[in-house]
Structure formats: C-alpha cells, structure tokens
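Notes for the structure review
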Amino acid sequence: MSKEAFSISKLKTAALTLLASALAVSLILYPRDALSASLRGLDLWWEIVFPSLLPFFITAEFLIGFGVVHGLGALSERFMRPLFNVPGCGGFVWVMGMASGYPSGAKWTADLRKKGQVSRVEAERLVAFTNASSPLFIFGAIAVGFFHDASLGILIAIAHYGGNFLVGIGMRFYKRNDQERSMDRAYSSWKDAFSKMHQSRLEDGRTLGKLMGDAVTRSVDTLLMVGGFIMLFSVLTELLKQTGAIHIFSHLLFYTGLPETFHVPFTAGMLELTTGIGAITETHEPLLAQLLIVSFILGFHGFSIQAQIASILAETDIRFKPYALARIAHGFVAAGLIYVLYFVYRPFQQQSMPIWNPNENFTTPILAFFNHYGPPITLLMIMLMIAVKWNSERKMKKRSLRI
C-alpha cells in the first residue's frame, strides 16, 4: 500500500470513528427521542412492511425453485432484450419488483446473478430499474394517507413507473459493447420454454418441503435486515433533528432555489422517504411543488432503502454505483413527468389539496387490514422461521452423528 493510500485509509478510519462516536453520544443525550423514533420504525415494519412483502418473497422463491422464472424468461426474451438489453428472466424481476416494492428487485436480481442466469453487467442494468415503490404505498399511504386525494395516486404512479421505464431504456446503453451474455438471444416457443422450466426444476433438486423451508427462512432473513435498516434510519433522522445537524444539510439546499419550507422535509426524505414525504405534505406550498419533491424522493428511494439494496448487492459481484446513478436520474425524470402530467390532471381537480393531519384516523381498507392483522402475521412467520431453522439444524446434527 502506498503512503498516499495509507493516509486516505487512516482518514477514513478517523471519519468513521467520529461518526460512530457522535451517534453513540446522541443516543445517550436523547434516549427518549431515539426510542420513540425506533418504535415508529418498528411499527412501520411490524404492521405494513413485513406482512405486505412476505407473500411476494415466498412466492418468488417458489417460482425460482420450480423453474417458472427460467421458463418465463425464455418467453420474455423477445421484448426484454430489445427494450432493456437484459435476459428475459428480467421481466419477472421487473413486474414483481413494481408489484411488491423495494428492495424486492435487488433481492431477485441478486438471486438470478448467483444462479448464473444474468451476467454482472446485465444484473447492474436490471437492478437500476426494477426497484420501485409498491402500488399499495403510492395509492394507500401517499395519495390517500398523506395527500387525502386518491386521484393523485394515478398521477404519482404514472410518473414513478414511467420514470423507471425510461431509466431502464437508458440503462440498455450501459456497457453495451460488453460481450458477456448469460442467456441465448434466440427466441423460444412455448414448448421450449416449458422444457427449460422443467430442466431448471430438475437442476434445482430440492424437495417441496425443503423448498418451502428455504423460502420461509430466506424471506424472513431478508425482511429482518430491512426492518433493521428502517429502524436505524428512523432513529438517525430523529437524532439529526434533535441535534440540529439536519439544518447543516438543509442550508446547502439554499443554493438550489428550493423553497425554504422544503429544506428540512426534503433532507429528511433523502434519509428516509416515508418521514420526508409526510413532512412535505404538511407544508403550505402549492400542490405542484409538493408533487415534484415527492416524486423526486420516490425515485431517489432515500438512503435507507439504498442501504438495504447495497447490503443485498454486497453478497454478489454486482456494483452499487450504476444503481445509485440511476436513482438520481429516476428522481429527475419522475419529477419532470409529474410537471407535464399535472397540467393534464389540473382541469379535473375538483378541490384544493387538504393538509395531512397525522392525528386523523384516515386509512384505506387495505391499510386497515395490515394495521389489524399485520402484527400477528409477522409474529407467526418469525416463529415459523425459527421452527424451520431448528428442525433443519436438528436433522444436520443427526446426520453428523450417523457419520
């Protein structure tokens, strides 16, 4: 290691030590606020995130294990390759990623990469546009819960998913001269697709019971990691507010021309999007301005979600940088689409935007379902994961004793 590199390494160590120490001191000085923020993050994960994402994760594990993804990938090749320059199996990740929300796209892209169904460059293209907010969050939490206007959900969704689509089109040119290919570019018939699906299932080799156990344990493990990041960034955002450090970042926004009332909410949204979006809709700025900022934050994902995805990608050789750059592009593209679509929407707008009241009991039937049944579902699945892992370890011990 050169002297210059060693100096940079020492500087990095000092900076990380200082940040960790500052976090520890802040937790000691503001224990009640940290606990409150941690509980808010836990409630979000316990009631909404875990029960809403778990069915998608388990179903996807089944589809991958049974070879369905491989078969559908052969059929999807005819449009995924020309549009996004990725294999057909990316179509499954794209659709399921939009339906279930982040960080699902990253998880399934990493799984495909581990199985060798995509090359590293193709995986980097894929992860850049397959992570999106779920319709449940856009229509239920943002449009109805924050803006109190269900019609805005369509506007936000078109801009968000349309922005993701355009980012995907742009990413097809990323390292387009790369010759590495994980799949044959020839188009397959239904018969060929079924043959590939059958062959993939045989190569997997797991029994139904083993596949079910793996699906539950892997899905719960991933969601436990997601819950930890949600709580961590919820606490971090609250501590930045309590210490006033958040104003250091918000002052930098003065040079962007962003209205001052958006500075703190926007900074909070860059850290954790749910908190930031809620604060943005509490301002008295014009509706269009609020929609522009909300769309940008949704496209950017917030550092909390980016950290979750970075943790998933760290298990593979997929580089994080293309995804991070795509998030900036998605934020600007989605905001631009909102600006154009708003002037189509405005003539149909019947009333001005009401301000969100966090104390108001206002929810949708779907959110009410998760609020009521989410915690028991979460607890049941965690207990099931523990039982499956215990049973698996018991069988392994028996086999080792026999040997």
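Numbers given to residues run from 1 along each chain, matching the order in which its sequence is written. Side-chain atom pairs in this predicted model are given and counted only at pLDDT of 80 or more, local residue features only at pLDDT of at least 70, and totals for whole chains, interfaces and linings cover all residues. Each side-chain value is derived from all of the structure's non-hydrogen atoms; neither hydrogens nor water enter the calculation.

Turning next to the overall build of the protein. Within the protein, the secondary structure is distributed over 17 helices and 0 strands. Here the protein holds 403 residues, and the buried ones make up 47% of them. The criterion used for residue contact is that any of the two residues' heavy atoms lie within 4.5 Å. A separation threshold of at least 6 residues defines the contact pool for the protein, and within that pool the share at least 24 residues apart is 81%. Residue-level accessible areas treat just the shown protein chains as cover; the underlying method is Shrake-Rupley with a 1.4 Å probe. Accessible surface computed for the protein: about 20,300 Å², of which carbon and sulfur atoms make up 66%. Only DSSP runs of H or I covering at least 4 residues are called helices, and only runs of E covering at least 2 are called strands; the numbering of each starts at the N terminus. Accessible area is worked out with a 1.4 Å probe on protein chains only. A residue is then buried under 20% of its type maximum, exposed over 50%, and partly exposed in between.

This brings us to the nonpolar core. To define a nonpolar core, start from buried Ala, Val, Leu, Ile, Met, Phe, Trp, Tyr and Cys residues and group those joined through side-chain atoms within 4.5 Å. One finds I142, L291 and L298 to be the most contacted residues of the largest nonpolar core, which totals 74 residues. Each residue touching I142, except ones within four places of it in the same chain, is listed here: F137, F147, I156, I277, V294 and L298.

We call Phe, Tyr and Trp rings a pair once their centres come within 6.5 Å, taking the six-membered ring for Trp, and we label the pair stacked below 30 degrees between planes, edge-to-face above 60, and tilted otherwise. Throughout the structure, instances matching the rule amount to 15 aromatic pairs. Ring geometry for W94 versus F129: centroids 6.2 Å apart, planes at 65°, classification edge-to-face. Taken together, the residues span a long stretch of sequence, with W94 in helix α4 (residues 90–100) and F129 in helix α6 (residues 120–129) at a distance of 35 residues. Under the relative-accessibility criterion, W94 is labelled buried at 14%. Taking NZ or CZ as reference, R172 lies 5.4 Å from the ring centre of F173, over its face. For a lysine, the NZ atom is tested; for an arginine, the CZ atom; a charge sits over a ring if that atom is within 6 Å of the ring centre and within 35 degrees of the ring normal.

To count toward a patch, a residue needs a relative accessible area above 30% and no salt bridge. Like charges then connect within 9 Å, nonpolar side chains (Val, Leu, Ile, Met, Phe, Trp, Tyr) within 5 Å. A carboxyl oxygen of Asp or Glu within 4 Å of a side-chain nitrogen of Lys or Arg is what we treat as a salt bridge. A cluster of nonpolar residues, L23, L27 and L232, forms a patch on the protein surface that exposes about 220 Å² of accessible area. Here L27 lies in helix α1 (residues 3–29).

Here we take up helix α2 (residues 31–65). The largest bend in α2 amounts to roughly 40° and is located at V49, with the proline P51 lying one to four residues further along. Where α2 ends, the next residue or the one after it, G67, has phi of about 85°, a positive value. In this analysis the local bend is the angle between axes fitted, respectively, to the seven residues ending at and the seven residues starting at the residue.

A few words on unusual backbone geometry. Cis peptide bonds are those with omega within 30 degrees of zero, and the linkage from Y102 to P103 qualifies with 5°. For P103, the position within the fold is in the loop between α4 and α5 (104–114). Phi at H148 is positive, roughly 60°, even though this residue is not glycine. Looking at the element boundaries, H148 is found in the loop between α7 (135–146) and α8 (151–171). Phi at H301 takes a positive value of approximately 85°, unusual for a residue other than glycine.

Right, let's talk about the confidence of the model for the protein for a bit. Low pLDDT marks regions whose predicted coordinates should not be analysed in detail. When pLDDT is averaged along the protein, the result is 80, and 84% of the positions lie at 70 or above. Residue range residues 351–362 is modelled with pLDDT below 50. Its contacts to residues more than four positions away, or to other chains, number 19 contacts. Every residue is assigned a pLDDT by the predictor, reflecting its confidence on a scale from 0 to 100.

With that out of the way, let us pick up the pattern of salt bridges. Two side chains with opposite charge may pair up if their charged atoms get near one another. Counting across every chain of the model gives 8 salt bridges. Notably, a salt bridge pairs R40 with E238, separated by 3.2 Å at the nearest N-O pair. Taken together, the residues R40 in helix α2 and E238 in helix α10 (residues 208–243) connect sequence positions 198 residues apart. As a salt-bridge pair, E315 and K114 come within 3.0 Å of each other at their nearest N and O atoms. Residue E315 is located in the loop between α15 (302–313) and α16 (321–345), and its partner K114 is located in helix α5; the two are separated by 201 residues in the primary sequence. According to the relative accessible area criterion, E315 is exposed, its value standing at 57%. By sharing partners, the salt bridges in this structure join R120, E124 and R319 into a single network.

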